[in-house]
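Structural characterization, general
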Amino acid sequence: MSVVFYIDAFIMLIGLIPTLLYALANKSLPTMAGIRLLSGPFESLGIDAMIVAGIVFVVLSAMKVLAAHWLRNARTDSARSSGMASSSPSVRY
């Protein structure tokens, strides 16, 4: 179970941090192979809202790393509750 949380958190971090840095520097979303990264229905909110949402996802990924660490160290009582709490907002998007 902890491996799943680690993989999910690191994939989000690897994809989001460079995209957010580009968005902060250029005030636009980057394009890779003709596809705008992080584009979709939230893009209509504006670049500032996209940056804030991205920062929220980075914080959620950090919470998933913490939950994975607790699961690996057999602290199942707090890890399950924090893992589920951090997973449910990111699953919605």
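Placed above this text is the structure.
Residues numbered from 1 in each chain as written. Predicted model: local features only at pLDDT ≥ 70, side-chain atom pairs only at ≥ 80, totals over all residues. Heavy atoms only, no water.

What about the packing of aromatic side chains?
A complete count under the given rule lists 1 aromatic pair for this structure. Their ring planes at 5° and their centres at 6.0 Å tell us that Tyr 6 and Phe 10 sit as a pair that is stacked. With Tyr 6 and Phe 10 both in helix 1 (residues 2–26) and 4 residues apart, the pair spans about one turn of that helix. In this structure Phe 10 comes out as partly exposed when scored by relative accessible area, which is 40%. (Phe/Tyr/Trp six-rings, centres within 6.5 Å; stacked < 30°, edge-to-face > 60°. Helix = DSSP H or I, 4+ residues; strand = E, 2+ residues; numbered from the N terminus. Buried < 20%, exposed > 50% of the residue type's maximum accessible area, 1.4 Å probe, protein only.)

Some thoughts on the pattern of salt bridges
Applying the stated rule across the entire model yields 2 salt bridges. For Lys 27, the salt bridge identified is with Asp 48, shortest N-O distance 3.3 Å. Of this pair, Lys 27 sits in the loop between helix 1 and strand 1 (31–32) while Asp 48 is found in helix 2 (residues 47–72), placing the two residues 21 residues apart along the sequence. Accessibility expressed as a relative area gives 49% for Asp 48, which makes it partly exposed. (Salt bridge = Lys/Arg side-chain N within 4 Å of Asp/Glu carboxyl O.)

What about helix 2?
For helix 2, with 26 residues, the first-to-last C-alpha span of 37 Å sits near the 38 Å given by 1.5 Å per residue. Looking at helix 2, one finds that the buried residues are Met 50, Ile 51, Gly 54, Phe 57, Leu 60, Ser 61, Lys 64, Ala 67, Ala 68 and Leu 71. (Expected span 1.5 Å × (residues − 1).)

Overview of the environment of Gly 46
Positionally, Gly 46 belongs in the loop between strand 2 (35–36) and helix 2. Put simply, Gly 46 and Lys 27 are 19 residues apart on the chain and 9.7 Å apart in space, counted from C-alpha to C-alpha.

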